[in-house]
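Residues per chain are reported as follows:
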Amino acid sequence: MLSTEKLADLRLQLLAEKAELQENLEQNDHFDYERGFWHESMGELSSYDNHPADEGSSLFEREKDNALLEHYKIQLSNIDKALESMENGTYGKCEVCGKEIPLERLEALPNTTYCIEHSPDQVTSHNRPIEEGVLMPPWGKFDMDNKDEDVAFDAEDSWQAVAEWGTSETPSDLAFSQDDYQDIYIEADENIGYVEDYENFVGNDMYGKNVKVYPNPQHEQYEEALDEEGIMTSFGDLPAFEHDPYVDDDK
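Keep in mind the model is a prediction, meaning the values are calculated, not measured. (Residues numbered from 1 in each chain as written. Predicted model: local features only at pLDDT ≥ 70, side-chain atom pairs only at ≥ 80, totals over all residues. Heavy atoms only, no water.)

Visitor: Please give an account of the pattern of salt bridges that cites residues and values.
Guide: Tallied over the entire structure, the rule returns 5 salt bridges. In this structure, Arg-11 engages Glu-87 in a salt bridge whose closest nitrogen and oxygen atoms are separated by 3.1 Å. Of this pair, Arg-11 sits in helix 1 (residues 4-27) while Glu-87 sits in helix 4 (residues 52-87), and the two are 76 residues apart along the sequence. The partner of Lys-64 in a salt bridge is Glu-61, with the nearest N and O atoms 3.0 Å apart. Residue Lys-64 and its partner Glu-61 are both found in helix 4; the two are separated by 3 residues, about one turn of the helix. (Salt bridge = Lys/Arg side-chain N within 4 Å of Asp/Glu carboxyl O. Helix = DSSP H or I, 4+ residues; strand = E, 2+ residues; numbered from the N terminus.)

Visitor: Before we move on, could you go through the packing of aromatic side chains and cite the residues and values that matter?
Guide: Evaluated as defined, the whole model comprises 2 aromatic pairs. The interplanar angle of 90° and the centroid separation of 5.4 Å between the aromatic rings of Phe-31 and Tyr-72 together place this pair among those described as edge-to-face. Placement of Phe-31 in helix 2 (residues 29-32) and of Tyr-72 in helix 4 is noted, with a sequence separation of 41 residues between them. Here Phe-31 and Tyr-72 have matching classes, each one buried. Taken together, a centroid distance of 5.4 Å and an interplanar angle of 55° make the contact between Phe-201 and Tyr-222 tilted. Of this pair, Phe-201 sits in the loop between helix 6 (155-163) and strand 1 (202-203) while Tyr-222 sits in helix 7 (residues 217-229); the two residues are 21 residues apart in sequence, bridging distant segments of the chain. (Phe/Tyr/Trp six-rings, centres within 6.5 Å; stacked < 30°, edge-to-face > 60°. Buried < 20%, exposed > 50% of the residue type's maximum accessible area, 1.4 Å probe, protein only.)

Visitor: Which residues make up the side chain of His-219, and what values go with them?
Guide: Relative to the elements of secondary structure, His-219 occurs in helix 7. The contacts of His-219, once residues within four sequence positions are left out, are Phe-201, Val-213 and Tyr-214. (Contact = heavy atoms within 4.5 Å.)

Here is the structure:
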């Protein structure tokens, strides 16, 4: 049984802790949750003109504020619960089993109403964010490059489509220098929308016939590269029997 003097000491400790928590919440405007929208706390009117990295940092800070606010609310709720149990004479007894809570535990954690065996915080979660099962380096399950005969628009292509509009990287971040700041991202020289270089300027009908070349800057670069190497195609010279069209008329 707790003595009247010890109970009074614990009550004062709870009231002091409650006052400190409430003062902290008032001073930081409840972690800026009193504002209408979270952009107000960072001085931004919208997300549109803000850099993605800044938005990511701000989102992380907002999530941290949310966790801290939730922690404060739980602490205040536990304090009110302990003070209420003091009023009705049940303080110092476990809510679950009704046994006396050791004095050492009450002194260390005066807002508890559970013995250590029945504390709600018994389980340590080992669950990991679901994203970890998807975003394996570099692109996880959505990288199709290593699959045979697969030219699907995958996660890497999605990143490149966005990155060409600009990133936070600089020329010094890349292994090979780039001439244009719009190309400051990984594999910026990779073809977008097609696989082989010639697919950008060669076409044919649905039967594989009427092959036609559409001259463009990529075609000129392709021809120059072949001339420099002295070869007929990007994968080497064709055997003699393949110099003729690939698709023959049916006999």
